[in-house]
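Here are the chains, one letter per residue:
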Amino acid sequence: MNKTIRYAAAMIGALLLNTSVAQNWPTKPIRMINPYAAGGFGDTIARPMFDQLGQSLGQPIIVESHAGANGTIASNVVAKANPDGYTLLIANLGPIAMNPVLYPATTLDPLKAFVPITQLVSGPLVILTHPEFAAKTLPELMQYARNNPGKVSYGSVGPGSTTHLAGELLALKGKVDLLHVPFKGAAPVITNLLGKQVDIGIVNISLAKPHIDAGRLIPIAVTTVKRSSILPNVPAVAEVVPGFEVNPWWGLMAPAGTSPEVVARIEKEMIRILQIPSIATKLRESGLEPEGTTASAFGKTIASDLEQWREVVKANKITLQ
């Protein structure tokens, strides 16, 4: 038997084996690798979804936190895992579509290392200000920033974060010069905004909403293309600044080479689960919008986000150590 025939036979054998594995999958617990510390979306807010998925598949879902290096550690764990459908990544916009352009030398190429399964949710951000700031609406903010270049400060949850790059995108698309003030987390952003140490802040809606409801902070705009159902009376940035969109998301991804049949089954189940009224309501109460996209649509979102943030990093000459 020559090499060509042996190679073809091996490939056919591998294909038949993968098909057999996919047909029998799953036969043991499935690991969900969380890129952040215990708590938060990965193992609290998403728990009802994962419990439903486990019931549908007949196997428990085990969430493992592999925090550190801005999500890179978790990504490496999944990328190196056997692509058999038993190790999945709880993917997030930052590690998947921002880190590769901020830290290209140390971050995996998500389009090569993983296959998308579904976007689970989106988590709109809101731009806030305190009641004593000169601008109370987005048009007023943009005009004030043009009249005072480099003097309007915005707080983010840290360098290289989604909120940091959201501010840089606003500066780029709005043609204004903003002063970035990084903090170690969202809570300090709110604290310093309430104390008027910064002019505006960019945070998740869920964290901001109690302060908005109490009148302590004023919402200027949400960062999604369309208005959020959580803050329906607050305009979207894109209504004033065309082409602006920052829509943080969570989704599921698998190691490259995972069987399409396995991917399709998880995709189908998660789309169904996200339509369950009790789960959708709980997500919205947490400041998240249920999505449940196809694998193909999720892949296009990732590719589009990578391109956008590559442009922002290059145009604003952002360098991080």
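Everything below is about the structure printed above this text.
The present account deals with the structure reproduced in this document. (Residues numbered from 1 in each chain as written. Predicted model: local features only at pLDDT ≥ 70, side-chain atom pairs only at ≥ 80, totals over all residues. Heavy atoms only, no water.)

Another point: the environment of alanine 295. Within the element layout of this structure, alanine 295 appears in helix H13 (residues 295-315). A sequence separation of 236 residues divides alanine 295 from glutamine 59, and the C-alpha atoms of the two residues are 22 Å apart. (Helix = DSSP H or I, 4+ residues; strand = E, 2+ residues; numbered from the N terminus.)

Turning to the sheet that holds strand E7 (residues 178-182), a few remarks are in order. Pairing between sheet strands relies on hydrogen bonds along the backbone, with the strands arranged either parallel or antiparallel. Strand order across the open sheet formed by five strands is E7-E6-E8-E5-E9, with mixed pairing between neighbours. In the strand order of this sheet, the two ends are held by E7 and strand E9 (218-222), each with one partner. Across the sheet, the mean angle separating the axes of adjacent strands is 30° when strand polarity is ignored. In this structure, strand E6 (residues 152-156) lies alongside E7, joined through five bridges in parallel fashion. (Pairing = 2+ DSSP bridges. Axes fitted to C-alpha atoms, helices over the stretch in contact; angles between N-to-C directions.)

Moving on to the layout of surface pockets. Its volume calculated, the largest pocket comes out at about 860 Å³. Looking at the largest pocket, it is lined by 35 residues, and the ones nearest its centre are Tyr36, Asn92, Thr162, Asn204 and Trp250. Counting only elements with at least two residues in the lining of the largest pocket, the list comes to helix H2 (41-45), helix H5 (93-102), helix H8 (162-174), strand E8 (200-204) and strand E10 (249-255). The element contributing the most residues to the lining of the largest pocket is H5, with five residues. (1 Å grid on protein atoms, 1.4 Å probe; cavity = no way out; pocket = protein on both sides within 12 Å on 5 of 7 lines; lining within 4 Å. Points joined across faces, edges and corners; volume = space filled by probe spheres on them.)

If you walk across this open sheet you meet the six strands as E2-E1-E3-E10-E4-E11, and the pairing is mixed. Edge positions in the open sheet fall to strand E2 (61-65) and strand E11 (289-290), since each of these has one partner strand only. Of the pairings in the sheet, the one linking strand E4 (residues 114-122) to E11 comprises two bridges and is antiparallel in character. Along E11, the bridge assignment pairs valine 121 with proline 290. Each of strand E1 (30-34), E2, strand E3 (87-92), E4 and E10 is contacted by helix H3 (residues 47-57), which is oriented at about 140° to E2, the strand it contacts most. (Contact = heavy atoms within 4.5 Å.)

As a further point, take the side chain of aspartate 84. Inspection of the secondary structure assignment puts aspartate 84 in the loop between helix H4 (72-79) and E3. No salt bridge is formed by the buried aspartate 84, whose closest oppositely charged neighbour, lysine 28, lies at an N-O distance of 4.5 Å. Side-chain polar atoms of aspartate 84 contact the backbone nitrogen of tyrosine 86, separated by 3.1 Å. Not counting residues within four places of it along the chain, the set of residues in contact with aspartate 84 comprises Trp25 and Lys28. (Buried < 20%, exposed > 50% of the residue type's maximum accessible area, 1.4 Å probe, protein only. Lys, Arg positive; Asp, Glu negative; His and termini not counted. Salt bridge = Lys/Arg side-chain N within 4 Å of Asp/Glu carboxyl O. Polar contact = N/O pair within 3.5 Å; in protein donor to acceptor, adjacent residues only side chain to side chain.)

With that out of the way, let us pick up the pattern of salt bridges. Under the criterion given, the structure shown has eight salt bridges. A salt bridge links lysine 196 to glutamate 132; the shortest N-O distance between them is 3.0 Å. Of this pair, lysine 196 sits in the loop between helix H9 (186-194) and E8 while glutamate 132 sits in the loop between strand E5 (125-129) and helix H7 (138-147), and the two are 64 residues apart along the sequence. Of the charged contacts in the structure, one is a salt bridge between glutamate 269 and arginine 272, with a shortest N-O distance of 3.1 Å. With a gap of three residues between them, glutamate 269 and arginine 272 both fall in helix H11 (residues 260-273), about one helical turn apart. Given the relative accessible area of 14%, glutamate 269 is considered buried. Taking the relative accessible area as the measure of exposure, arginine 272 reaches 38% and is therefore partly exposed.

Note that every value here comes from positions in space, so none of it alone points to a role or purpose.
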